Structure formats: structure tokens, C-alpha cells
Amino acid sequence: MNAQPGDLLAVVGGPETVSDTVIQLDDVHKSFHDLEVLRGIDLTVRRSECVCVVGPSGSGKTTLIRCINALEAIDRGRIVVNGHPLGTVERNGRVRPAGDRTLARQRQDIGMVFQRFNLFPHMTALENVIAGPIRVRGTSRAQAEQIGRELLIRVGLSDKQRSYPRQLSGGQQQRVAICRALAMRPAVMLFDEPTSALDPEMIGEVLTVIAELQHEGMTMMIVTHEIQFARHTANRVLMMDEGVIVEDAPPAQFFDHPSDERTRRFLSKVL
Amino acid sequence: MLVGSYSFDWHVFWHYLWPPSAFKDPLIEHGLIVTIYMAALAQTLGVILGVLGALGQMSRLRAVRGLVATYLLYFRGTPALVQLSLWYFGLAAVGLYGFPDIHLFGATIPGVVQAGIVGLGVNEGAYMTEIVRAGVISIDPGQMDAAKALGMPFTRAMRFVILPQATKVIIPPLGNEFNNMLKSTSLVVIIGGVELFNAYEQLNATLFRPFELFLAVSFYYLALTVIWGLIQSRIEARLGEAKAASHPGTMRRLLAGEGLARSLGRTR
């Protein structure tokens, strides 16, 4: 990367968080057919916190983070993001499932970065970044492009604005994807295994950007297998196993004095 | 030339095959034009209905999905000839709509041609629904996730993210559909449409030279489908260039006979 990323949030104008609690989950359950993937999740993420979620595959980490963006509808419980209940609307005192347009509006404050990047292949890097502001926020193209260019410069992709995703390396694509999410000026950023699809030599350039966001005070939840990154960047580390959170502690305590047997077993395998 | 007891009239054949002499008959020139624009408009209608049908199939509302399913069942399950008759004669008989001639910018679009466009277009829409649907489901679900995560409602995600990508998958079968449409326009004779085939039918009614005339008109359809095949190859080659640099070029594919084979196409 040409330069250290810096002042990413200053470019978009900083996140708009309305309350100190940015994410709150109460007794969240989710099943796929007969398989209960989330079995009662309670979780609070405060403003500017960086929460890393670790755990064996199949423990429900990805489902959890997808539920917090309403990409999966939950079966039971409640999710509140940035002060707004997610996936439901209250009308005349009755709570109903939210429709497509309401869900879309609720998702605007939630940025998401995917394992497989999911960049739009028919758009250039810059077009990917400005798609949200223009098509969703109604920002003028000129202003969106200015912000988009600035974001790409700050993640070290100033010369890739006109490149299509297939012309970019995995690490570059993931940095574009982070810019795309940031351009929406989200209150919180969700990362679903952002480095799992990357070649080892590209993991660092993506983690650097995420660490910079943490440094700037972005509220984040990151599902990751990068244990060292979690240890050094996270404010809190969660351990998930079989659909429940079995450990929730600051990194020092999580890695050095885990209280749960399952966490100890997991750490002994990955460390 | 004698074929069995039939003496082939080369003069009639050449006269009605060779455009400069054939077009002296206004019926033929007019018929060719009607065939081309009827095919183009019916195909356009078919594409529009196909997109709507595919979106309808994905609707959360059971009533909408049921409507689309019924549409597909009927229009793919009955002959186009029957459908055309129902549109033109059936609707008029029950007094619903009689397809009056429309005068537009000094030109007249006869009622039969309108019925032909509607009939063939609605029929085509049923086939296009499946093609568009196949295109949409070929797109990685992660694309819809990403569009949703940006806060796009379903329709905007479709318009800006999914359909532009699905187009690449839809174009090749769409080209084949248009090849078919160019030929299907001849079905409009059943309701008395004045198009290319009808022109030769009328000629035959006065000249009684069915072999020469229908052989001549088949060359006109062949010309239309071959020309379209060339256009289609170019479009697909251009799409291919956008997809991968290694895509075989137009010339190579033409030499391999692919374009021609496709122009001769399938019949439904």
C-alpha cells in the first residue's frame, strides 16, 4: 500500500450515531429449517467499540452478523441498531415485520463488508463506491464522486478508480468494498470474515484499513479468524459456539484468562 | 424445367426473388417492411413482459406469482395460431376490442398488424419470462446481498445491480428468440395480416405458381434470419470482449459457421 490510510471518516463526515448503544440484541433466535443456528443471543455494542467475533465454523458467527443487517430475518427476539428496531415496524401500537422499503431504509445506517467482497462487476471501483450515495441517499454525482475519490485515495487506491473489480487483486477489491460501505456514512460497520478469501500477502493491507477505522472511532463488529488482529485491535472479543455467545471479554482477558472451557479449547487450536 | 408433371417457371421464380423486380409489386415491399417492424415491436413487447413476468415470479405476493404462472401456462401451452385468432376474432366477437386501424405520423398501422404485434408479443413474453428468470438467478446471490446492504429496495437492486449483469446472460437466447420471431410473423396470415408471406399468398392466388412463389419467399425469410445472425454474432462478440479478452472474435465464429447455424435456428 502506498500510504497509511488516514482520516477515512473525516471524508464522509463521520458516523451519525444517535445513542451510546449502537447495537443491541435481546434473546435473538434464528433457525434454518430444523437447525437452530442462533439460540438466544444477547449483545450490546457501544459507540466506537470494535467487537471481534471468533469461534469454530458453524457456530453461527456469519448468521449473527447477517441478522444485524436484516439480510436474515430473525425468528424470535429483538435487534435495535442506532436506536431503531430492525426488521419490524410499529403501527398503531402493533409490531409487524417490516416491508422491503422499510428494511432498505433501516439498512442505510449499517455498512457491511463481505467475505467474497461482492463488488458490482459491471461498475468501476469509483462507481461501486458512489452507487449507494447516488442511488440510495440521492447525493449529487459530483459530490458523491468527490467523496468516493477521496476515500479511494485514503485506502491507497488513487490509481484504481477506473478499474473494474476483475482487474483488481483481492486485497484491492476488499478495500474498495470498505469504501463502498463507508460512503453511505454508516453508524456501524459489519465485517463478515473480511480477510478469509484473501491470499496471505494481502490480508495485512485490509486489516490496516480496518484498524484505522477503529482508531478513528468507527463502531464495528468483525467476524474473523485473524486471532492476532482481534487481540491487538478489538475492544472486546466474543466467542461463539453452537449458536450462543460463550465468552465476551476484553482481548487481554479473553486470550490470557478465558473463563469458558470451549474458549480454551478453541484457543488451543488456533493460537 | 420439369419436376414430375410440374413445369418450373424460372421467370416467375426470378422475378419474385430478385428484389428490384419483386419490389415493383408494392405488396411485397410493404409486406417485408410490415414483417420487420412487426417482429421488432412484438419482440420488444415480449422483452418488457418477460422482465415484468420474471419480477412477478419473484414477488412475495402469492396472487402475483399465481398470475404469472397462469400466464406462462396458457401462452406456452397453446398454439400461437390459436392465440392470434383469439386476440383478433375472439375479442372482437365478444365486443371487447376490435383492433381499429391507428393513424400515426401519416402512417397507418392496420388493426391486424396491431393484433399480430400484441398476439406474438404476449406469446413471446411467456418465453422471455423464463429467459430473464434464468438470467437473474444466474447472478451470484452475494450481489443482491451487497445491494440490500447499501440500502437499496428490491426494485432498485434489480435495476442497477442485477439486471445489468443478467443482460449478458439474456442476450444470446434473446437473439435466438428474435430469429424465431422473424419467422413467426408469418402466422399472422391466419387473421389476414398483410405481411411478407401474405403478399406471396396473394400473388399465388392470381398466378397459381405455389412452388416458385413459396420458394422465392422462403429466401426472403432466409435473408432476414441470416442478416440477423450476423448482427447477433457481432453483439455477442462485443459482449464477450467485455467479459473476457480471450473470447473468440466475430470472424472466427462466422468461419466456424456458428452464426449461420444459429440463424437457421430452431423452430418452435
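Residues numbered from 1 in each chain as written. Chains lettered and ligands numbered in written order. Predicted model: local features only at pLDDT ≥ 70, side-chain atom pairs only at ≥ 80, totals over all residues.

## Observations concerning the overall build of chain A
Phase 1: For chain A, the count of helices and strands is ten helices and twelve strands.
Phase 2: Taken over C-alpha atoms, the radius of gyration comes to 18 Å for chain A, in line with the 18 Å a tight globule of 271 residues would show.
Phase 3: Projected onto the principal axes, the alpha-carbon positions of chain A cover approximately 50 × 50 × 35 Å.
Phase 4: Counting across all 271 residues of chain A, residues that qualify as buried make up 50%.
Phase 5: Across chain A, every contact between residues at least 6 apart in sequence was considered, and the portion connecting residues at least 24 apart equals 67%. (Helix = DSSP H or I, 4+ residues; strand = E, 2+ residues; numbered from the N terminus. Rg over C-alpha atoms; globule rule 2.2 N^0.38 Å. Buried ≥ 20, exposed ≤ 12 C-beta atoms within 10 Å, placed from the backbone. Contact = placed C-beta atoms within 7 Å.)

## A few points about the overall build of chain B
Phase 1: Along chain B, the regular secondary structure elements total twelve helices and four strands.
Phase 2: Across the 268 residues that make up chain B, the buried fraction comes to 38%.

## Concerning the sheet that holds strand β11 (residues 236-241) of chain A
All names here are of chain A.
Phase 1: Across the sheet, which stays open at both edges, the six strands sit in the order β8-β9-β10-β3-β11-β12 with mixed pairing between neighbours. Here the strands that pair on one side only, and so sit at the sheet edges, are β8 (110-113) and β12 (244-249). On average, each strand axis in the sheet is inclined to that of its neighbour by 20 degrees, with strand direction left out of account.
Phase 2: Pairing of β8 with strand β9 (residues 188-192), which is carried by four bridges, proceeds in the parallel orientation. Opposite V113, over in β9, you have F191 as the bridge partner.
Phase 3: Packing against the sheet, helix α6 (residues 170-182) makes contact with β8 and β9, and its axis sits at approximately 170 degrees to β8. (Pairing = 2+ DSSP bridges. Axes fitted to C-alpha atoms, helices over the stretch in contact; angles between N-to-C directions.)

## Examining the interface of chain B and chain A
Phase 1: The partner chain A presents 20 residues to the 16 residues of chain B that form the contact.
Phase 2: The set of elements that each furnish at least two residues to the side of chain B that touches chain A consists of α7 (141-149) and α8 (154-184) of chain B.
Phase 3: Looking at the side of chain B that touches chain A residue by residue, the classes come out as nine nonpolar, four polar and three charged. (Nonpolar A, V, L, I, M, F, W, Y, C, P; charged D, E, K, R; others polar.)

## Some points on the environment of Y6(B)
Phase 1: Considering the arrangement of structural elements, one finds Y6(B) in strand β2 (residues 6-7).
Phase 2: Considered as a pair, Y6(B) and A146(B) are 140 residues apart in the sequence and their alpha carbons are 69 Å apart.

## Some points on the sheet that holds strand β5 (residues 84-85) of chain A
Residues and elements named next belong to chain A.
Phase 1: Taken in spatial order, the four strands make up an open sheet running β2-β1-β4-β5, and their pairing is antiparallel. Only two strands of the sheet have a single neighbouring strand rather than two, namely β2 (35-46) and β5.
Phase 2: When strand β1 (residues 21-32) meets β2, the two strands line up antiparallel, connected through nine bridges. Bridged to T21 within β2 is R46.

## Here's the deal with the confidence of the model for chain B
Residue and element names in this part refer to chain B.
Phase 1: Looking at chain B, the pLDDT average stands at 88 and 88% of residues meet or exceed 70.
Phase 2: Across residues 244-268, where pLDDT falls below 50, the model places 33 contacts with residues more than four positions away in sequence or in other chains.
Phase 3: Confidence estimates for the predicted assembly give a pTM of 0.84 and an ipTM of 0.93. (pLDDT = per-residue confidence, 0-100.)

## Some remarks on helix α7 (residues 200-215) of chain A
Residue and element names in this part refer to chain A.
Phase 1: With 16 residues, α7 should cover 22 Å at 1.5 Å per step; its first-to-last C-alpha distance of 23 Å lies within 8% of that length.
Phase 2: Elements in contact with the buried residues of α7: α1 (8-12), β3 (50-54), α6, β9, β10 (220-223) and α8 (227-233).
Phase 3: One or two positions beyond α7, positive phi appears at G217, with a value near 95 degrees. (Expected span 1.5 Å × (residues − 1).)

## Some thoughts on the pairing of strand β6 (residues 88-91) of chain A
All names here are of chain A.
Phase 1: The pairing of β6 with strand β7 (residues 94-97) spans four bridges and is antiparallel. Note that in β7 the partner of T88 across the bridge is P97.
Phase 2: Counting the residues in the hairpin turn of β6 and β7 gives two residues, including N92, whose phi is positive at 55 degrees.

## Focus: the nonpolar core
Soluble globular proteins tend to pack their nonpolar side chains together in the buried interior.
Phase 1: In this structure, V53(A), L151(A), V188(A) and M221(A) are the most contacted members of the largest nonpolar core, which totals 142 residues.
Phase 2: No other element matches helix α6 (residues 111-137) of chain B, which puts 13 residues into this core. (Core = buried A, V, L, I, M, F, W, Y, C linked by C-beta atoms within 7 Å.)

## Considering the pairing of β3(A)
Residues and elements named next belong to chain A.
Phase 1: With five of five residues buried, β3 is to be regarded as a mostly interior element.
Phase 2: Of the two faces of β3, the one holding C50, C52 and V54 and the one holding V51 and V53 are both buried throughout.
Phase 3: Judged from the four bridges that link them, β3 and β10 form a sheet pairing that is parallel. Counted as the bridge partner of C50 is M220 from β10.
Phase 4: Judged from the four bridges that link them, β3 and β11 form a sheet pairing that is parallel. Residue V53 lies in a different strand from β11, and its bridge partner there is L238.

## Examining unusual backbone geometry
All names here are of chain A.
Phase 1: Even without glycine at this site, A70 takes up a positive phi of about 55 degrees.
Phase 2: The residue A70 is located in the loop between α2 (61-67) and β4 (76-81) in this model.
Phase 3: On the neighbour-count criterion, A70 (22 C-beta atoms within 10 Å) is buried.
Phase 4: Residues other than glycine seldom take positive phi values, yet E193 does so here, at roughly 45 degrees.

## As for the environment of G142(B)
Phase 1: Looking at the element boundaries, G142(B) is found in helix α7.
Phase 2: Exposure remark for G142(B): the 15 C-beta atoms within 10 Å place this residue in the partly exposed category.
Phase 3: Apart from the residues lying within four places of it in its own chain, the contact partners of G142(B) are F114(A), R116(A) and N118(A).

## Details of the packing of α6(B) against α8(B)
Residues and elements named next belong to chain B.
Phase 1: Packing of α6 against α8 leaves a shortest axis separation of 9 Å and a crossing angle of 150 degrees. Relative to α8, α6 is oriented roughly antiparallel. In terms of crossing hand, the pair formed by α6 and α8 is right-handed. In contact with L120, E124, Y127, M128, I131, V132, A134, G135 and V136 of α6, α8 contributes I162, A166, V169, I170, P173, L174, E177, M181 and S184.
Phase 2: Across the contact of α6 with α8, the residue classes tally to 14 nonpolar, two polar and two charged. (Parallel < 35°, antiparallel > 145°, perpendicular 65-115°, else oblique. Left-handed = near helix turned anticlockwise from the far one by under 90°.)

## As for the packing of helix α3 (residues 26-57) of chain B against helix α4 (residues 62-77) of chain B
Residue and element names in this part refer to chain B.
Phase 1: Running from N to C, α3 and α4 point in directions that differ by 130 degrees, and their axes come no closer than 8 Å. Comparing the axis directions of α3 and α4 gives the class oblique. α4 is crossed by α3, and the crossing has left-handed handedness. Facing G53, G56 and Q57 of α3, the residues of α4 in contact are V64, R65, L67, V68 and Y71.

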